[in-house]
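# Residue-level structural notes
Listed below are the residues making up each chain.
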Amino acid sequence: MTLLAESLFLSLVCCLYWIYGDRRRYLKKRVGKQAFRNAYRVARNIFFMLKRGDLELSGNIGVLKGGCVLYSFHFGIWELMPHALRKMGFRIGVIVNRYHGENRSFLARCADTLLKRWRSENGVRIFYSENVLEIVRFIRSGGIFGVLVDGNTLFQKHEKARRLAQLCEVPLVPFAAYRLGNRGVLRIDCNLVGLVQTMPLDYMWFYKSR
């Protein structure tokens, strides 16, 4: 059943790849001839995230105690990090974008509602950019705060994450969640750039910062 569902999902993504010509051209500009393979790999990762695959935790886990700012890219299966740590008993919160913003369309509002509900399951805290004081209090009380720092460049928002960690007097720690075959892995305190270089097609190159 899972194989069938994944096949249908991959077929849908392939159709969207051809329908959205502007995004396809943007992807080809960044990736070149491997653009379609990149879209395929990202689609497999998204399906793994949607079905909430399990993650094996590795790396410097001790740094999570006492609170920290965890940062990563739109790489691999990043959305599974909060729920994996929550299962282990950590207090975890993440910052997300609102899709509706200036776009008040019905679909944008639905996307925001569904994503918030999905992301906040099992007690994961959801924050928005205007919740600065709440974020600072959460981190200083021992919470783990997750943020993605890429946009039009890999480290577009890294400086903001660094200043936040400095303000809260907690470590700024990179993480990566990715697939090794059919297994999911969550590495704490890792070489993010090295992982992207090793598995470049697992990075969402067609992401644009809002």
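Coordinates for the structure precede this section.
Heads up: these notes are all about the structure in this document. Note that the structure is predicted; figures quoted are calculated from it, not measured. Once a new chain begins, its residue numbering starts again from 1 and follows that chain's sequence as written. The predicted nature of this model means local features are confined to residues of pLDDT at least 70 and side-chain atom pairs, given and counted, to a pLDDT of 80 or more, with totals for whole chains, interfaces and linings taken over all residues. Side-chain descriptors were evaluated using all non-hydrogen atoms of the structure, hydrogens and water having been removed beforehand.

## Remarks on the side chain of Asp150
The helix count covers DSSP runs of H or I at least four residues long, the strand count covers runs of E at least two residues long, and both are numbered beginning at the N terminus. Looking at the element boundaries, Asp150 is found in the loop between strand E5 (144-148) and helix H7 (158-168). We call a residue buried when its accessible area falls under 20% of the maximum for its residue type, exposed when it is over 50%, and partly exposed in between, using a 1.4 Å probe and counting protein chains only. Counted charges follow a simple rule, with Lys and Arg positive, Asp and Glu negative, and His plus the chain ends left uncounted. In the sections that follow, a salt bridge refers to a side-chain nitrogen of Lys or Arg positioned within 4 Å of a carboxyl oxygen of Asp or Glu. The buried charged residue Asp150 lacks any salt bridge, with Lys157 as its nearest oppositely charged partner at 6.4 Å. For this analysis, a polar contact is any N or O atom pair within 3.5 Å, provided that within protein one partner can donate a hydrogen and the other can accept it, and provided that sequence-adjacent residues contribute only side-chain to side-chain pairs. Looking at Asp150, its side chain comes within polar contact range of the side chain of His74, at 2.9 Å. Here the side chain of Asp150 touches Tyr203 through a polar contact of 2.5 Å, side chain to side chain.

## Considering the nonpolar core
Generally speaking, nonpolar side chains in soluble globular proteins are found buried as a group. Remark: nonpolar core denotes a set of buried residues (Ala, Val, Leu, Ile, Met, Phe, Trp, Tyr, Cys) joined through side-chain atoms within 4.5 Å. Core analysis: the biggest nonpolar cluster contains 34 residues, and Leu55, Leu64, Leu70, Leu85, Ile144, Leu186 and Ile188 have the highest contact counts within it. Of all the secondary structure elements, the ones that give two or more residues to this core are helix H3 (35-50), strand E2 (68-72), helix H4 (81-87), strand E3 (92-95), strand E6 (172-180) and strand E7 (183-188). Those residues in contact with Leu85, other than ones at most four positions away along the chain, are Leu57, Leu64, Leu70, Phe90, Ile92, Ile144 and Leu186. Within the second largest apolar cluster, 26 residues are counted, among which are Ile135, Leu164, Val170 and Leu195. Contact criterion: two residues are considered in contact whenever any of their non-hydrogen atoms come within 4.5 Å of each other.

## A short note on the pairing of E3
Between any two strands, pairing holds if DSSP finds at least two bridges. Across three bridges, the pairing between E3 and E5 is parallel. Pairing of Gly93 across the sheet is with Phe145, part of E5.

## Quick notes on helix H2 (residues 21-31)
Every α-helix carries 3.6 residues per turn, so stepping three or four residues along brings you back to the same face. Turning to H2, its buried residues are Gly21, Arg24, Tyr26 and Leu27. Once H2 finishes, Gly32 follows within two positions and takes phi at roughly 85°, a positive value.

## Some points on the sheet that holds E2
As summarised here, the arrangement of the seven strands in space is E1-E7-E6-E2-E5-E3-E4, forming an open sheet in which the pairing is mixed. Since the sheet does not close on itself, it has two edges, and those belong to strand E1 (55-59) and strand E4 (125-127), each with one partner. Taking the axes of each pair of neighbouring strands and ignoring which way they run, one obtains an average angle of 25° across the sheet. Fitting a line to C-alpha atoms yields each axis, with helices limited to the stretch in contact; the angle taken between N-to-C directions then spans 0 to 180 degrees.

## Topic: the packing of aromatic side chains
Only rings of Phe, Tyr and Trp enter the pairing, Trp through its six-membered ring, and a pair is recorded when the two centres are within 6.5 Å. The plane angle decides the type: under 30 degrees is stacked, over 60 is edge-to-face, the rest tilted. Counting across every chain of the model gives nine aromatic pairs. Here Phe9 and Phe47 contribute two aromatic rings whose centre-to-centre distance is 5.9 Å and whose plane-to-plane angle is 45°, an arrangement assigned as tilted. With Phe9 in helix H1 (residues 2-19) and Phe47 in helix H3, this pair connects stretches of sequence that are 38 residues apart. We note that Phe9, like Phe47, is buried. Among the aromatic side chains, those forming a connected cluster through ring pairs are Phe73, Phe155, Tyr203 and Trp205. Placement of a charge over a ring requires the Lys NZ or Arg CZ to be within 6 Å of the ring centre, with the centre-to-atom vector within 35 degrees of the ring normal. Positioned above the aromatic ring of Trp118 is the side chain of Arg52, whose terminal nitrogen or guanidinium carbon lies 4.2 Å from the ring centre.

## A closer look at the environment of Gly21
Among the structural elements, Gly21 can be located in helix H2. Classification of Gly21 as buried rests on a relative accessible area of 14%. Counting along the chain gives 14 residues from Gly21 to Ser7, while the straight-line C-alpha distance between them is 23 Å.

## A few points about the packing of H2 against H3
Remark: H2 packs on H3, axes separated minimally by 9 Å, with the N-to-C direction vectors making an angle of 110°. Judged by the inter-axis angle, H2 sits roughly perpendicular to H3. The residues of H3 that touch H2, namely those facing Leu27, Lys28 and Val31, are Ala35, Asn38 and Ala39. Amino acids are sorted into nonpolar (Ala, Val, Leu, Ile, Met, Phe, Trp, Tyr, Cys and Pro), charged (Asp, Glu, Lys and Arg) and polar (every other residue, Gly among them). Split by residue class, the contact of H2 with H3 holds four nonpolar, one polar and one charged. If an angle is under 35 degrees, it is roughly parallel; if it is over 145, roughly antiparallel; if it lies from 65 to 115, roughly perpendicular; otherwise it is oblique.

## So, the pattern of salt bridges
For the structure shown, the criterion picks out nine salt bridges. One salt bridge connects Glu6 with Arg44, and the closest N-O pair in it is separated by 3.6 Å. Here the residue Glu6 occupies a position in helix H1, and Arg44 occupies one in helix H3, the gap between them amounting to 38 residues. Between Glu79 and Arg119 there is a salt bridge, with the nearest N and O atoms lying 2.7 Å from each other. With Glu79 in the loop between E2 and H4 and Arg119 in helix H5 (residues 106-119), this pair connects stretches of sequence that are 40 residues apart. Here Glu79 and Arg119 have matching classes, each one buried. Residues joined in a network through salt bridges with shared partners are Glu159, Arg162 and Arg163.

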